[in-house]
Amino acid sequence: MDDTYQVIIAGAGFAGVAAAKKLGRQGVRVLLIDSNNYHQFQPLLYQVATSQIGVSAIARPLRSVFRRLKTVRVVTAQVEAVDVAAKSVTTSDGDTFRGESLVLALGAVPNFFNTPGAEEHAYPLYSVTDATKLGTGLTRLLDEADKNPEADVDVVVVGGGPTGVETAGAMAENVKYVVGKYFSKDLASRCRVHLVDMVPTVLAAFSEKSQKYATAHLTKVGVQLHMGVGVTDVRPDGVTLADGSRIPAQIVVWAGGLKAGAVVANSGLPLGRGGRVDVLPDLTAPNASGVYVLGDAANITDSKGTKLPQLGSVAQQAGKWAAGNILADLTGGTRRPFDYVDKGYMAMVGRGAAVAEIGRQRIQLQGPFAFVSWLLVHLALLSGTQQKVRALFSWLNGYLLHSPAQVVVSGPVDRKEPKP
Ligand SMILES: Cc1cc2nc3c(=O)[nH]c(=O)nc-3n(C[C@H](O)[C@H](O)[C@H](O)COP(=O)(O)OP(=O)(O)OC[C@H]3O[C@@H](n4cnc5c(N)ncnc54)[C@H](O)[C@@H]3O)c2cc1C
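Residue numbers run consecutively from 1 along every chain, following the written order of its sequence. Two thresholds apply to this predicted model, a pLDDT of at least 70 for residue-level local features and 80 or more for giving and counting side-chain atom pairs, whereas whole-chain, interface and lining totals are computed over all residues. Working from all heavy atoms in the structure, the side-chain values ignore hydrogens and water.

Colleague: Help me understand the overall build of the protein chain, please; the structure alone is not making it clear to me.
Modeller: Each helix is a run of H or I in the DSSP string that is no shorter than four residues. Each strand is a run of E no shorter than two, and both are numbered from the N terminus. Across its full length, the protein chain holds twelve helices and 26 strands. Here the globule rule is a power law, 2.2 Å times the number of residues to the power 0.38, and the radius of gyration is based on C-alpha atoms. For a compact globule of 420 residues, the expected C-alpha radius of gyration is about 22 Å, and the protein chain comes in at 22 Å, within 12% of that figure. If one aligns the C-alpha atoms of the protein chain with their principal axes, the spans along those axes are about 70 × 50 × 45 Å. Three exposure classes are used, based on accessible area relative to the maximum for each residue type with a 1.4 Å probe and protein chains only: buried under 20%, partly exposed in between, and exposed over 50%. Buried positions account for 54% of the 420 residues belonging to the protein chain. Carbon and sulfur atoms form 55% of the exposed surface of the protein chain, whose accessible area is close to 18300 Å². For accessible areas, the Shrake-Rupley method is used with a probe of radius 1.4 Å. Any residue's cover is judged against the shown protein chains and nothing else.

Structural data, given as structure tokens:
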């Protein structure tokens, strides 16, 4: 392949992959760089962390994704810096790659909001590595408590948005349906799952009906809710809340927010909310023609003036749209302002229980119908036939037979162990 590139895409998440596919199908020479050699499906990370599905269901090798698109070259490398004027990126290997257009689709990193101890002691949930570490930590904790009849297992999930709700719900259901089956009988009675958020309700972005449904289901499966009170510090043995109370915990999961990562922060581009780039309606960065910023790294406003949330569907559509605008750049056409098709929101609350607000009209579904819709939508969105089959098999196994897909830990990883 020619080693000059028309487009450099940094980040192979929803946005980067969508852009590369569309450009590759038109024969555009693309270099796609990611620190991982796989595309990860973030919406199912919590299922990896809670042993519901295996990593191979949610991670697909990038070279497999692009095997038929001969003009797309995949490079596995950490992007260290970008030069927006030169439209180039430099990797930790010391290589610099330059294109006629540059796409920054590097996603986000957890935002600990300067909460003391959070970065050191809490488990974030934003990557396959995070999910594996958390899953390993949870399984090891259960193994230890299984040997010691005096030991309690307390998990605190910080953040009552979809990620926190899905994680807490899945953990509580594991206690209810799985722990008693695979560990000593009394262990389940020694396990507790707490969900904490400074806002007064779970799923704040959803309708009141969905919030009530999720609250009722979480309570039913045993999640202890602490709403309307923030976490002021995270320690190795638990968290302190803003009202001065403490929750003991061996594991704290951070689902409390996101911000753009260091590469975007140091790019020199003007930053807005969450350290993200406030992009123009055509998805380019201000004063940086030919530089597109997409997905979780950007604050995107659609053509109707609506500020869009950090969602997979927004990132994916923005990726395709940006590719269209890059094709216009390459052929002397005109860029068009991003027109987002709003498909709504969904969150899994537990087995047979989900909430969905579908389309711009926000048609509301709760319960089994929303649960089945959630499974079907996520199955459709998963990249790769093998991945879809693995996920479907794990769901049938888990939801019908109450059997975890993964009971094997992957390594001695525990963020709370002292770092060498
Ligand atoms: C736990 C969780 C659950 C979610 N659930 C849902 C859901 O149910 N529905 C929904 O619509 N959205 C959901 N989201 C949000 C959705 O996943 C994100 O909005 C979407 O992934 C953003 O896409 P992106 O392409 O901007 O970034 P990402 O998908 O994060 O991709 C960024 C890519 O950049 C790479 N990268 C980052 N930094 C570097 C670097 N320095 N060098 C090289 N590569 C780098 C990463 O490896 C990654 O592959 C969820 C997010 C999380 C974390």
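Colleague: Quick question: what am I supposed to make of helix H11 (residues 368-381) here?
Modeller: It helps to recall that an α-helix has 3.6 residues per turn; residues three or four apart then point in one direction. Expected span of a helix, by definition, is 1.5 Å for each gap between consecutive residues, and there is one gap fewer than residues. The end-to-end C-alpha distance of H11 is 20 Å, a good match for the 20 Å that 14 residues give at a rise of 1.5 Å each. Along H11, the positions that sit buried rather than exposed are Ala370, Phe371, Ser373, Trp374, Leu375, His378 and Leu379. Between two residues, a contact is recorded if the distance between any of their heavy atoms is within 4.5 Å. Residues of H11 that are buried sit in contact with helix H2 (45-49), helix H7 (162-182), strand S24 (344-350), strand S25 (353-358), strand S26 (363-366) and helix H12 (385-401).

Colleague: What is the right way to look at the packing of aromatic side chains in this model?
Modeller: Any two rings among Phe, Tyr and Trp, with Trp reduced to its six-membered ring, count as a pair given centres within 6.5 Å; such a pair is stacked if its planes are under 30 degrees apart, edge-to-face if over 60, and tilted if neither. Within this structure, the stated rule accounts for eight aromatic pairs. Judged by centre distance (5.5 Å) and plane angle (50°), the rings of Phe112 and Trp254 are tilted. With Phe112 in the loop between strand S10 (108-110) and helix H5 (118-121) and Trp254 in strand S18 (residues 251-254), the pair connects residues that are 142 residues apart, well separated along the chain. Like Trp254, Phe112 is buried. Three or more aromatic residues link up through ring pairs in this structure, and these residues are Tyr46, Trp374 and Trp395.

Colleague: Just checking my understanding: could you explain unusual backbone geometry for this structure?
Modeller: Leaving glycine out, the prevailing phi sign among residues is negative, and the prevailing peptide bond configuration is trans. Unlike most non-glycine residues, Ser51 shows phi in positive territory, near 65°. Within the element layout of this structure, Ser51 appears in the loop between H2 and helix H3 (55-58). Phi at Lys87 takes a positive value of approximately 55°, unusual for a residue other than glycine. Within the secondary structure, Lys87 is located in the loop between strand S6 (79-83) and strand S7 (88-91). Of the residues examined, Lys87 reaches a relative accessible area of 18% and is grouped as buried.

Colleague: It is not clear to me how the pattern of salt bridges should be interpreted in this structure. Could you clarify?
Modeller: When charged atoms on two side chains of opposite charge get close, those side chains can pair. In what follows, salt bridge is the name for a side-chain nitrogen of Lys or Arg lying within 4 Å of a carboxyl oxygen of Asp or Glu. Within this structure, the stated rule accounts for twelve salt bridges. One salt bridge in this structure joins Arg192 and Asp152, with 3.3 Å as the shortest N-O distance. With Arg192 in strand S13 (residues 191-197) and Asp152 in the loop between helix H6 (128-147) and strand S12 (153-158), this pair connects stretches of sequence that are 40 residues apart. Overall, Asp152 belongs to the partly exposed group, its relative accessible area being 37%. Between Asp329 and Arg335 there is a salt bridge, with its nearest N and O atoms 2.8 Å apart. In this structure, a network of salt bridges that share partners links the residues Asp152, Asp154 and Arg192.

Colleague: Is there a simple way to think about the sheet that holds strand S15 (residues 231-235) in this case?
Modeller: Picture the strands of a sheet paired through backbone hydrogen bonds; they go either parallel or antiparallel. Taking strand neighbours across the sheet as the criterion, the three strands line up as S15-S16-S17 in an open arrangement whose pairing is antiparallel. For this open sheet the edge positions go to S15 and strand S17 (246-248), each flanked by a neighbour on one side alone. Strand-to-strand twist of the sheet, defined as the mean angle between neighbouring strand axes without regard to direction, takes the value 15°. Here a strand pair is declared whenever DSSP counts at least two bridges between the two strands. Sheet topology places strand S16 (residues 238-241) next to S17; three bridges connect them, and they run antiparallel. Within S17, the residue paired with Val239 across the bridge is Ile247. Here, axes are lines fitted to C-alpha atoms. For helices the fit covers the stretch in contact, and angles between N-to-C directions go from 0 to 180 degrees.

Colleague: Just checking my understanding: could you explain the site of the ligand for this structure?
Modeller: Around the ligand, a shell composed of 28 residues is seen, among which Ala15, Asp34, Gln42, Val79 and Asp296 lie nearest. Definition of a polar contact: a pair of N or O atoms within 3.5 Å, with one able to donate and the other able to accept a hydrogen when the atoms are protein atoms, and with sequence-neighbouring residues admitted only if both atoms are side-chain atoms. Here Ser35 contributes a backbone N or O atom positioned 3.0 Å from a nitrogen atom of the ligand. Val79 places a main-chain nitrogen or oxygen 2.8 Å from a nitrogen atom of the ligand. Protein burial of the ligand: of its 990 Å² of free accessible surface, 89% is covered by the chains. Those elements giving two or more residues to the shell around the ligand turn out to be helix H1 (14-25) and helix H10 (312-331). Examining the composition of the shell around the ligand, we find that three residues originate from one element, H10, more than from any other. Partitioning the shell around the ligand into residue classes produces 13 nonpolar, 13 polar and two charged. What makes a residue near a molecule or strand is one non-hydrogen atom of that residue sitting within 4 Å of it. Residue classes follow a fixed rule: Ala, Val, Leu, Ile, Met, Phe, Trp, Tyr, Cys and Pro count as nonpolar, while Asp, Glu, Lys and Arg count as charged, and any other residue, Gly among them, counts as polar.

Colleague: Where do I start with the domain arrangement of the protein chain in this structure?
Modeller: Interface size, as often reported, equals the accessible area lost upon joining of the parts. Each domain span listed reflects an automatic or database assignment of domains. For the protein chain, the domain assignment lists domain 1 (7-35 + 77-110 + 259-331) and domain 2 (118-256 + 344-401). Relative placement of domain 1 and domain 2: their C-alpha centres are 31 Å apart. Residue-level contacts link nine residues of domain 1 with six residues of domain 2. Overall, the association of domain 1 and domain 2 removes approximately 570 Å² of surface from exposure, summing both partners, and the carbon and sulfur fraction of that is 56%. Inspection of the domain 1/domain 2 interface yields zero salt bridges. Along the contact surface separating domain 1 from domain 2 lie two residue pairs in polar contact (both at pLDDT 80 or more). When two parts are brought into contact, each loses some accessible area as probed by a 1.4 Å sphere; the total of that loss over both is the buried area.

Colleague: I would appreciate a short explanation of the environment of Ser245 in the present structure.
Modeller: With respect to the helices and strands, Ser245 occurs in the loop between S16 and S17. Separated by 14 residues in the primary sequence, Ser245 and Val231 have C-alpha atoms spaced 9.8 Å apart. Beyond its immediate stretch of four places on either side in the chain, Ser245 contacts Val239 and Thr240. A polar contact is formed between the side chain of Ser245 and the side chain of Asp243, at a distance of 2.6 Å.

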